[in-house]
Amino acid sequence: MIKKFTIKKESELTDVAKYVSDNLKYKIILLLGDMGSGKTTFVKYLMKEIINYDAVNSPTFSLVNEYSTDQPELVYHMDLYRLETIEEALNIGIEEYLESGHINLIEWPQLIEPIIPKESHKIEIALLETGERTISFS
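Residues numbered from 1 in each chain as written. Predicted model: local features only at pLDDT ≥ 70, side-chain atom pairs only at ≥ 80, totals over all residues. Heavy atoms only, no water.

Draft legend 1. The pattern of salt bridges, seen in detail. Tallied over the entire structure, the rule returns one salt bridge. Two residues, Asp 22 and Lys 18, come together in a salt bridge whose shortest N-O distance is 3.0 Å. Taken as a pair, Asp 22 and Lys 18 lie in helix α1 (residues 13–22) at a separation of four residues, close to a single helical turn. (Salt bridge = Lys/Arg side-chain N within 4 Å of Asp/Glu carboxyl O. Helix = DSSP H or I, 4+ residues; strand = E, 2+ residues; numbered from the N terminus.)

Draft legend 2. Expanded view of the nonpolar core. Membership of the largest hydrophobic core comes to 22 residues, with the highest contact counts inside it found for Phe 42, Leu 46, Val 75, Leu 105, Ile 123 and Ile 135. No other element matches helix α2 (residues 39–51), which puts six residues into this core. Sequence-distant contacts of Phe 42, defined by excluding residues within four places in its chain, comprise Leu 13, Val 16, Ala 17, Val 20, Leu 31, Ile 123, Ile 125 and Ile 135. Counting residues in each nonpolar core, the second largest holds 16 residues, with Ile 86, Ile 94, Leu 98 and Ile 112 among its members. (Core = buried A, V, L, I, M, F, W, Y, C linked by side-chain atoms within 4.5 Å. Buried < 20%, exposed > 50% of the residue type's maximum accessible area, 1.4 Å probe, protein only. Contact = heavy atoms within 4.5 Å.)

Draft legend 3. Quick peek at the sheet that holds strand β3 (residues 64–68). In spatial order, the strands read β1-β7-β6-β2-β5-β4-β3; together these seven strands make up an open sheet with mixed pairing. Of all the strands in the sheet, the pair left with one neighbour each is β1 (3–7) and β3. For this sheet the average axis-to-axis angle between neighbouring strands, irrespective of direction, equals 15 degrees. Contacting β1, β6 (120–127) and β7 (133–137), α1 crosses the sheet at an angle of about 165 degrees to β1. Strand contacts of α2: β2 (28–32), β3, β4 (74–79), β5 (103–107), β6 and β7, with the helix running at about 170 degrees to β5, the strand carrying the most contacts. (Pairing = 2+ DSSP bridges. Axes fitted to C-alpha atoms, helices over the stretch in contact; angles between N-to-C directions.)

Draft legend 4. α1, seen in detail. Looking only at α1, the buried set comprises Leu 13, Val 16, Ala 17, Val 20 and Ser 21. Taken down its axis, α1 places every buried residue within 130 degrees of arc, on the same side. Seen from the open side of α1, the exposed residues pointing more than 90 degrees away from its buried face are Asp 15 and Asp 22. Considering only its buried residues, α1 is in contact with β1, α2, β6 and β7. (Arc of directions from axis to C-beta.)

Draft legend 5. The arrangement of the environment of Glu 88 in detail. Mapped onto the fold, Glu 88 is located in helix α3 (residues 86–91). A relative accessible area of 31% places Glu 88 in the partly exposed class. Expressed as a C-alpha distance, the spacing of Glu 88 and Ile 112, which sit 24 residues apart in the sequence, is 9.9 Å. One polar contact links the side chain of Glu 88 to the main-chain amide nitrogen of Glu 84, over a distance of 2.4 Å. Within the structure, the side chain of Glu 88 is placed 3.1 Å from the backbone nitrogen of Thr 85, a separation counted as a polar contact. (Polar contact = N/O pair within 3.5 Å; in protein donor to acceptor, adjacent residues only side chain to side chain.)

Following this line, the structure appears as structure tokens:
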């Protein structure tokens, strides 16, 4: 089932993140969207819901950020944009992250599609000409 939201302003992401957090069945969350569509911004709101963590930043250069609080849940936030081959992803230990049992938020997951577990969620964010965004969660 796909749930679709239309967002007119950033503050509306709180409700979307709450819905996603409340409806997570899997630990792998794939974030799809063009550059500048708001993937990392959405992750900030989602992390606030999942583990009450708000110091999120883009892992574009580090590739993987690890977030934890005093709660038992650990979250890996990945940005695979700079990788060119699946071998590069394997070299950073992507399989270990995916199999860790922890939440994995993966921006630009297309490169690793062959190894992504079927038990995963997709969040697709599209920036519309009106400045609004659509967010689809499945």
